[in-house]
Structures are given as C-alpha cells and as structure tokens.
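Architecture and fold: a report
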Amino acid sequence: MKKLYIIKGTMGIGKTTVSKLLKNSLDRSVFLDGDWCWDMSPFIVNEETKKMVIDNIIYLLNNFLKCSEYKNIIFCWVLNLKEVEKEILSRLNLEKVEVFSISLVCNEIELEKRLKKDIELGLRKEEIILKSKERLKDYKNHEGIKIEVSNLTPVEIVNIIKNIK
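For the structure given in this document, a descriptive report is provided here. Per chain, residues are indexed from 1 in the order of the written sequence. For a predicted model such as this one, the threshold for reporting local features is a pLDDT of at least 70, and the threshold for listing and counting side-chain atom pairs is 80 or more; totals across whole chains, interfaces and linings nevertheless cover every residue. Computation of side-chain values: all heavy atoms of the structure, hydrogens and water removed.

Turning to the pattern of salt bridges, a few remarks are in order. Salt bridge, as used here, is a side-chain nitrogen of Lys or Arg placed within 4 Å of a carboxyl oxygen of Asp or Glu. The final tally for this structure, using the stated rule, is 11 salt bridges. Where R91 meets E87, a salt bridge forms, and the shortest distance between an N and an O atom there is 3.0 Å. Two residues, K113 and E110, come together in a salt bridge whose shortest N-O distance is 3.5 Å. Placement of the pair is K113 and E110 together in helix α4 (residues 108–120), with a separation of 3 residues, close to one helical turn. When its relative accessible area of 13% is taken as the criterion, E110 is described as buried. Put simply, K51, D55, E87 and R91 are held in one network by salt bridges that share partners. Under the DSSP-based scheme used, a helix requires at least four consecutive residues in state H or I and a strand at least two consecutive residues in state E, with every element numbered from the N terminus. Note on classification: 1.4 Å probe, protein chains only; a residue is buried when its accessible area is under 20% of the maximum for its type, exposed when over 50%, partly exposed between these limits.

In terms of residue burial, strand β1 (residues 2–8) counts as a mostly covered element, since 6 of its 7 residues are buried. Here, a strand pair is defined by DSSP locating no fewer than two bridges between the strands. In the sheet, β1 pairs with strand β4 (residues 97–105) via 7 bridges, with the strands oriented parallel. Following the sheet pairing, K2 is matched in β4 by V97. Strand direction decides the pairing type here: β1 and strand β3 (residues 72–77), joined by 6 bridges, are parallel. Considered in β3, the bridge of K3 is made with N72.

This next bit is on the nonpolar core. What is meant by a nonpolar core is a set of buried Ala, Val, Leu, Ile, Met, Phe, Trp, Tyr and Cys residues, joined one to another through side-chain atoms within 4.5 Å. Counting residues in each nonpolar core, the largest one holds 29 residues, and the members touching the most others are Y5, I7, L22, I102, L104 and I161. Mapped by element, the contributors of at least two residues to this core are β1, α1 (15–25), β3, β4, α4, α5 (128–136) and α6 (154–162). Here the element with the most residues in this core is β4; it accounts for 4 residues. Ignoring sequence-local partners within four residues, the contact set of Y5 consists of L22, L26, N72, I73, I74, F75, F100, I102 and I161. In what follows, a contact means two residues having at least one pair of non-hydrogen atoms within 4.5 Å.

This part covers the packing of α1 against α6. Where α1 contacts α6, the two axes come as close as 9 Å, and the packing angle between them is 55°. Judged on the interaxial angle alone, α6 and α1 are oblique. Seen from above, α1 lies across α6 with right-handed handedness. Along its contact with α1, which presents T17, V18, L21, L22 and S25, the element α6 presents P154, V155, I157, V158, I161 and K162. As a working rule, the residues Ala, Val, Leu, Ile, Met, Phe, Trp, Tyr, Cys and Pro are called nonpolar, Asp, Glu, Lys and Arg charged, and the rest polar, with Gly in that last group. Here the residues of the contact of α1 with α6 sort into 8 nonpolar, 2 polar and 1 charged. To obtain an axis, a line is fitted to C-alpha atoms, over the contacting stretch when the element is a helix, and the angle between two such axes runs from 0 to 180 degrees between their N-to-C directions. When an angle is under 35 degrees it counts as roughly parallel; over 145 it counts as roughly antiparallel; between 65 and 115 it counts as roughly perpendicular; any other value is oblique. Each crossing gets its handedness from the near helix: less than a right angle anticlockwise from the far helix is left-handed, clockwise is right-handed.

As for its placement among the helices and strands, F31 is situated in strand β2 (residues 29–33). Taking the relative accessible area as the measure of exposure, F31 reaches 9% and is therefore buried. Along the backbone, F31 and C76 are 45 residues apart, and their C-alpha atoms lie at a distance of 8.1 Å. Discounting chain neighbours no more than four positions away, the residues touching F31 are T16, S19, K20, K23, W36, I74 and C76.

Spelled out as structure tokens, the structure:
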C-alpha cells in the first residue's frame, strides 16, 4: 500500500521544510512542491494557467503513484481552497493508496515571525504577511488532520506525521 501525504497550509508555515524532511525520513519517497508548477516569469494567474498547473500536478502525482519504486509520495501546496484539493484527488489513481490530508496551522504571531525571517533573507516580500494571515483561516474547515505547529520544530512535525495511522 502506497501513501500519499498532502501537506497544506498558508504561505510561510513550513510546508516545504517539513515535506523535504519527511521525504528524507521515509523509505522510498518522492516529493512534489506545487509551487514548482507555478515557477514562471512573468507570473500570470488566469483560468488557463490555473488549469495548466492543476493538470501538471495531477500528471506528476499519477506518475509517482504508478511508479513501483516509490512507496511514499509527498505533495505540498497552499491548497487553501477545498475544491482544488478535491479536484486533484478526484483525478488521481488512488487504488491501493492511503491518503493523508494534513493542514499545518499556527497562530498569527508565529506566522508573522516566520514570514519576517523569510523577508529578512530576501525570500519573500512584506505584502505576504497580510495575504498569508488571511489564508490561515481557510484551513479551519478543512477535512483531514490538522497539526498546530506554532511551538513545534520541523523535526517534531515530521515525527507527528510519521506516527499518523
């Protein structure tokens, strides 16, 4: 039985860091960051590019799922809109796949602290703070597993995920 870990949460919460650590701590694992499918210049968000990104994610995930070499597939993305996650899942071949949909959540103070660190490093721009805080509330109504990460290290988060049954 394969495992698909969907790690979601607002920008700056630690999805990519956790996903990379999880990939390296699980046997025969592969990792896809949904942001890689948005890495374009100029950055254009419209119906055509949104469809293309979703189609690319589904294509890659299905290929990872059917590849006999991998047992653990880790996918991270903001996924604040429940219908986007549902669309992706509905188009995946999930036969003999256990799906873990995991939302990383934290308090606004901790989120701002994490984002400011990224801003200081030149990884993000100041306007991300408000946008990320606004999206934080979207995960309250998501189905699946929620992990409150405000006082946890990435390694502690990975250990929690690895112990999910």
